[in-house]
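Residue-level listing of the chains:
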Amino acid sequence: MRTIEGRTRRGRFGPSASTVALPLLVLLLAASVPLIPAGAVTGQADPETQDPETQDPEAQAVPEAQAAPEAGPGFSSSPAEGVTGTAIEVSGADCLLPGTDEPGDGVVVTLVHDGAVFADATIEVGDDGRWEGTLTVPAGTPVDPYRIKAVCAYPSEEDEPDPVTYTKRTFTVTGEGPNATTEGATAPPFNGGIEPFPDYDGQSTCSTSEKPGMAAFRRLVQANYGGGSLGVGRACNIGGTSEHKEGRAWDWAMNAGRASDRARVQSLFDFLFATDNNCNTFANARRLGVMYIIWNRQMFRMYDTDRGWSPYSGASPHTDHVHFSLTRDGGAGRVSYWSRVFHAPRFSPSSRYVQGIDVNPAWDRTNTGDFDGDGRDDILWYRPGGETDHIWFSAGGGRFSDNLRNVGGDYRVFTGDFNGDCRDDIFWYGPGTARDHIWLGTPNRSFRNLDVTVNGDYWPIVGDFNGDRSDDIFWYRAGAPSDPVWYGTIYGRFVGRTERANGTYQPFAGDFNGDGRDDIFWYGPGGARDTLWRGESGNRFSARSVDIDHDAVAVPGDYNGDQRTDIFWYGRGDARDAFWLGTANGGFLGSGVNMGGSFGIARSGDFDGNGRDDIIFHGDPERRDRLWRF
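Conventions used here
Residues numbered from 1 in each chain as written. Predicted model: local features only at pLDDT ≥ 70, side-chain atom pairs only at ≥ 80, totals over all residues. Heavy atoms only, no water. Helix = DSSP H or I, 4+ residues; strand = E, 2+ residues; numbered from the N terminus. Buried < 20%, exposed > 50% of the residue type's maximum accessible area, 1.4 Å probe, protein only. Contact = heavy atoms within 4.5 Å. Areas by Shrake-Rupley, 256 points an atom, 1.4 Å probe, with all protein chains shown as cover. Expected span 1.5 Å × (residues − 1). Disulfide = S-S within 2.5 Å. Pairing = 2+ DSSP bridges. Axes fitted to C-alpha atoms, helices over the stretch in contact; angles between N-to-C directions.

The next thing to look at is the overall build of the protein. The number of helices and strands found in the protein is 7 helices and 42 strands. For the protein, buried positions account for 52% of its 630 residues. Counting contacts in the protein only where the partners sit at least 6 residues apart, residues at least 24 apart contribute 60% of the total. Counting every atom, the protein has about 26800 Å² of accessible surface; 48% of that belongs to carbon and sulfur.

Here it is as structure tokens:
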């Protein structure tokens, strides 16, 4: 007979094998994900105050109905000891339904130590009730004696015991196998946007079966980092609020007192919390739907990352396991880690949250960027001369902290991530022969100065035109015989070439089709001809015609979170306003909206860090400044 599901099989997620390992996980998930809406949840309390993890770890699994006695038919297993990576041969007979000659649906074989499951496999059963297969000891399984449990399984909706429970066998892990060292998981390539940071969405119903996204997450972790499982489901009459009762929480058996276990846990956290190539912070945790984690007397909340790892006051110190709770979408598998594509919610301009905000009326030059790399855009307010300048660092939720600067001089300032470190920089460009500088952003909200020389009077257009993650600069000058293009590098320096843009435009850049390379929209106000240059590989552009037939201020930004740049066309006064949403085929979908007033400044930025750009309006003497949050 053959093993029909071997969850202990090592999944290597390194560069050479990711195309093999991940499709297996995706296929396993796809076969089990019910595409049905999750139940509604409202008004949940913080899990720390609800203390969801106060139960003894052994009590966290759903109790077996009518627990089977230890005595039962025997089965064979060989060898009795070995290193990780050992394939234990298991076989037996008599997997038949009581009083019949009908075989069971499979034999579930598990490797268990102190209640934690470190490996499992489901073995196919022959028509005569005989079965044989292998159970592989996964990398990272600690040196210890283990029990091998085998149960003849038959699905039942009733509280009935399994048809046959075999007498346990033993196996001792003697060390780590030569080819069984664990490797950290590597995320697959993704298309489109990313999940926003979640809200706390606690347990409110009872459905203890392991949900498909939770099962896939568990397999991903154990395949790449080892360790055992202390279970997913919990009986509904045990303890307080807990996502265990909805099958979307899991306890990963790890010992905080063991250095090797602490290293494995930290390696997983590094994978979950890493910033991806699109500068999305906590990227894999968001894509997997992680809601919160508890480990070694501390708790990390994905819905409050500014809080960091904070003390956990529950009764269980979580020193023998790491607790993971997933969002409902994460538990159901409706997340982009498995589908490879984030399906952004349907965008409606009316879904915005309008917030009043007070800005000094004298501040008349501004730009936005994530200068400290925390995933939230900040706002630079600059005044020429000797006036005090301000950087508003975002604190989330439409709040900002003020940081004073004194730049002096008269600059045409713009921003971009010119060295590709996921922190935006400030380019102080003095047209003509004035001295130029770049302030390179740092995590501690300071800047590192870099002197550059431009020489000339240009309209700078900033975008990553070749898709290497470092922003580039197209130095446009109307009527010039050629226009310099500076391609950014990781060193903060530039490599130059020239292009030519014929005509007079008000150009701006954005990745309108989401291919990872920014494009240039050559906008001719009114009835002038408009053109869109698509960024191509090899530092090239391809052109296509577009048309907008009225005068408006273009405010590019990703307003629906699909990682394609959209355009808000702001017509000051009574002129009509509109959103153009970028599409994968390079076109736009339009929808009307009305913004009253005649604001001198309209700038976009993701000020609350939810993956969707917002817009700040400033400079209408008749109206209070406003922040549109999406």
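Alright, that's what it looks like, and here's the rest.
A separate point is the environment of leucine 96. By secondary structure assignment, the location of leucine 96 is in the loop between strand 4 (87-92) and strand 5 (106-113). For leucine 96, a relative accessible area of 22% translates into the label partly exposed. When the C-alpha atoms of leucine 96 and valine 125 are compared, they prove to be 9.2 Å apart, with 29 residues separating the residues in sequence. Setting aside residues no more than four positions away along its own chain, leucine 96 makes contact with Asp101, Glu102, Pro103, Gly104, Asp128, Gly129, Cys152, Pro163 and Val164.

In this model helix 4 (residues 259-273) runs 21 Å from its N-terminal to its C-terminal C-alpha over 15 residues, within 8% of the 21 Å that 1.5 Å per residue would give. Of the residues making up helix 4, those classed as buried are Asp261, Arg264, Val265, Leu268, Phe269, Phe271, Leu272 and Phe273.

To continue, consider the state of the cysteines. Tallied over the entire structure, the rule returns 3 disulfides. Covalently, cysteine 95 is tied to cysteine 152 through a disulfide, its sulfur atoms 2.0 Å apart. Where cysteine 95 bonds to cysteine 152 through sulfur, the torsion about that S-S bond is close to 80 degrees, and the disulfide is right-handed. Taken together, the residues cysteine 95 in the loop between strand 4 and strand 5 and cysteine 152 in strand 8 (residues 144-153) connect sequence positions 57 residues apart. Judged by relative accessible area, which is 0%, cysteine 95 ranks as buried. A relative accessible area of 0% places cysteine 152 in the buried class. The partner cysteine of cysteine 279 in its disulfide is cysteine 422, sulfur to sulfur 2.2 Å.

Pairing is antiparallel in the open sheet, where 4 strands are placed in the order 20-21-22-23. With one partner strand each, in any of the chains shown, strand 20 (365-369) and strand 23 (399-405) form the two edges of the open sheet. Here the strands of the sheet are splayed against their neighbours by 20 degrees on average, with no regard to which way each runs.

Turning next to the pairing of strand 30 (residues 483-488). Of all 6 residues that make up strand 30, 5 are buried, and the element is covered over most of its length. Relative to strand 30, strand 29 (residues 472-476) is paired through 2 bridges, and the arrangement is antiparallel. Bridge assignment links isoleucine 473 to a residue of strand 30, and that residue is tryptophan 486. Connecting the antiparallel pair strand 29 and strand 30 is a turn made up of 6 residues, with glycine 479 showing a positive phi of about 80 degrees. Alignment of strand 30 against strand 31 (residues 494-499), held across 6 bridges, turns out to be antiparallel. Bridge pairing in strand 31 links glycine 488 to phenylalanine 494. Here strand 30 folds back onto strand 31, and the loop between the two strands holds 5 residues, one of which, glycine 492, carries a positive phi near 80 degrees.

Taken in spatial order, the 4 strands make up an open sheet running 32-33-34-35, and their pairing is antiparallel. Edge positions in the open sheet fall to strand 32 (508-510) and strand 35 (540-546), since each of these has one partner strand only. In this sheet, adjacent strand axes meet at a mean angle of 25 degrees when their direction is disregarded. Bridging between strand 32 and strand 33 (residues 519-522) involves 3 bridges; their strand directions are antiparallel. When the sheet's bridge partners are listed, phenylalanine 508 is paired in strand 33 with phenylalanine 521.

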